[in-house]
Amino acid sequence: MIKKADNIFASPLEQMVDFRFDERVVDVFPDMIQRSVPGYGTLISNIGILTARYAQENSSCYDLGSSLGAVTLSMRQRIKAEGCQIIAVDNSAAMIERAKKIIAADNNRVPVELRCEDINQTLIENASVVVMNFTLQFIAPALRDELIRQIYQGLKPGGVFILSEKLTFDSDEQQTFFTEAHHDFKRANGYSDLEISQKRSALENVLIPETLSTHQHRLSQAGFSRSECWFQCFNFASLIAFK
Ligand SMILES: Nc1ncnc2c1ncn2[C@@H]1O[C@H](C[S@+](CC[C@H]([NH3+])C(=O)[O-])CC(=O)[O-])[C@@H](O)[C@H]1O
Ligand SMILES: O=C(O)C(=O)Cc1ccccc1
C-alpha cells in the first residue's frame, strides 16, 4: 500500500474545526502518526515484544482505539500462546473499514475481531494484554477512571495493561521544553509552522493530555499493583501496568 502524505493542515483554514478521525485523516493516517509521534515505530514493535511475553493461552488481547491496526498486527505477529484472539476496537467507522482491508491482507493465523464501538461500552473479559496506544487522551476526562477500572476488572491474574499517551507537565519550564522539542521533531519531519499551529488548535478540545503522575495515580487507584514507564521520547510516553 502506498503511503499518502499528510497535508491536511497545510493551507490556511478559514474556520478552525475540531480534529476528527474521518475519511481524510484515515487516508493519511500512517504518514501523520509517524511524522507526529516521536518513537511511534519503536512503540509499535516493542508492544509486540511485550505482548509475546504476557499473552496467556486461551485469552483475549485487546487493542483499544485501534485505528488502522498497527498494534493489532504487531501483537498478531508476536503472539506464541495457543488459543489467543485479538479484539480491536475503534469508534471511527472510516478507520474500521480501512483496518478490515489491512488485516485481511495479513496472513497470520491469530484470529482478529474488529469492532466499531465506543471503548467506554466495550466489555473487557478474559484479557491477558490490553493496549491503549494514544487513545485515552481522546476520552472525556470524567470517563477515564471508570474505563481504567473496567480494564483492570477484565484482566486475568498476571495480565498487563499498556498505556501510551501524550503528556502534559506541572512545571512551565518542563512544558515549554517538551512542547518545543516536539515541535522541532515535527518541523524536522517536514511540517510547516502553519501546519503545526493549525493542528494544535484543532486538537485543543479533543486531545486532553495529563501528567505522568496523574496516569500512575489512576492506575494504582484502579487496583494495578505496579506500573513502569518503559518508554518516553519528549512528551510521549508509554506505561505498563501489572495486575
Ligand atoms: N471513545 C472511543 N472509542 C473507540 N475509539 C476511539 C474513541 N475515541 C477515540 N478513538 C479512536 O482512537 C484512535 C486514536 S489514534 C490511535 C493510534 C493507534 N492505536 C496506533 O497505534 O496506530 C491516536 C492518535 O491519532 O494520536 C482513533 O482511531 C480514534 O478513532
Ligand atoms: O500531532 C500531534 O501534535 C500529536 O499530538 C499527535 C497526533 C497524531 C495523530 C493524530 C492526532 C494527534
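Values in this document were obtained by computation on a predicted structure and should not be read as measured data. (Residues numbered from 1 in each chain as written. Chains lettered and ligands numbered in written order. Predicted model: local features only at pLDDT ≥ 70, side-chain atom pairs only at ≥ 80, totals over all residues. Heavy atoms only, no water.)

Here we look at the UniProt feature "binding site: S-adenosyl-L-methionine" (unreviewed entry) in the protein chain
Moving on, step 1. Cross-referencing UniProt, the feature "binding site: S-adenosyl-L-methionine" (unreviewed entry) maps to Tyr40, Gly65, Ser66, Ser67, Asp90, Asn91, Asp118, Ile119, Asn133 and Arg200 in the present numbering. A stretch of 161 residues holds the annotated residues, and the largest C-alpha distance among them is 24.6 Å, long enough that they do not meet in one place.
Moving on, step 2. Within the secondary structure, Ser66 is located in the loop between strand S1 (60–64) and helix H3 (70–78).
Moving on, step 3. Not counting the four nearest positions on each side in its chain, Ser66 is found in contact with Thr72, Ala88, Val89, Asp90 and Ile96. (UniProt positions renumbered as here; feature names shortened; annotations may be inferred. Helix = DSSP H or I, 4+ residues; strand = E, 2+ residues; numbered from the N terminus. Contact = heavy atoms within 4.5 Å.)

Examining the nonpolar core
Nonpolar side chains in soluble globular proteins tend to be buried together.
Moving on, step 1. Grouped together as the largest cluster of nonpolar side chains are 41 residues, with contacts concentrated most on Phe19, Met32, Cys61, Met75, Ile79, Val129 and Val131.
Moving on, step 2. For this core, the secondary-structure elements that each account for two or more residues are helix H1 (23–36), helix H2 (40–54), H3, helix H4 (93–104), strand S4 (127–133), strand S5 (155–166), helix H7 (193–203) and strand S7 (236–242).
Moving on, step 3. Counting residues per element, this core draws most heavily on H1, at six residues.
Moving on, step 4. Counting 23 residues, the second-largest nonpolar core is a separate cluster that includes Tyr62, Ile151, Leu239 and Ala241. (Core = buried A, V, L, I, M, F, W, Y, C linked by side-chain atoms within 4.5 Å. Buried < 20%, exposed > 50% of the residue type's maximum accessible area, 1.4 Å probe, protein only.)

Quick word on the site of ligand 1
Moving on, step 1. Neighbouring ligand 1 are 22 residues, the closest being Tyr40, Gly65, Ser67, Asp90 and Asn133.
Moving on, step 2. In the model, an oxygen atom of ligand 1 is placed 2.7 Å from a nitrogen or oxygen of the Ser67 side chain.
Moving on, step 3. Protein contacts shield 93% of the accessible area of ligand 1, which totals 660 Å² for the unbound molecule.
Moving on, step 4. Mapped by element, the contributors of at least two residues to the shell around ligand 1 are H1, H2 and H3.
Moving on, step 5. Looking at the shell around ligand 1 residue by residue, the class counts come to twelve nonpolar, seven polar and three charged. (Near = heavy atom within 4 Å. Polar contact = N/O pair within 3.5 Å; in protein donor to acceptor, adjacent residues only side chain to side chain. Areas by Shrake-Rupley, 256 points an atom, 1.4 Å probe, with all protein chains shown as cover. Nonpolar A, V, L, I, M, F, W, Y, C, P; charged D, E, K, R; others polar.)

Focus: the packing of helix H6 (residues 172–188) against H7
Moving on, step 1. Their axes nearest at 10 Å, the elements H6 and H7 cross at an angle of 125 degrees. Between H6 and H7, the angle is such that the two are oblique. The crossing of H6 and H7 is right-handed. On the side of H6, the interface is formed by Thr179, His183, Lys186 and Arg187, while H7 contributes Asp193, Ile196, Lys199 and Arg200.
Moving on, step 2. The residue makeup of the contact of H6 with H7, split by class, is one nonpolar, two polar and five charged. (Axes fitted to C-alpha atoms, helices over the stretch in contact; angles between N-to-C directions. Parallel < 35°, antiparallel > 145°, perpendicular 65-115°, else oblique. Left-handed = near helix turned anticlockwise from the far one by under 90°.)

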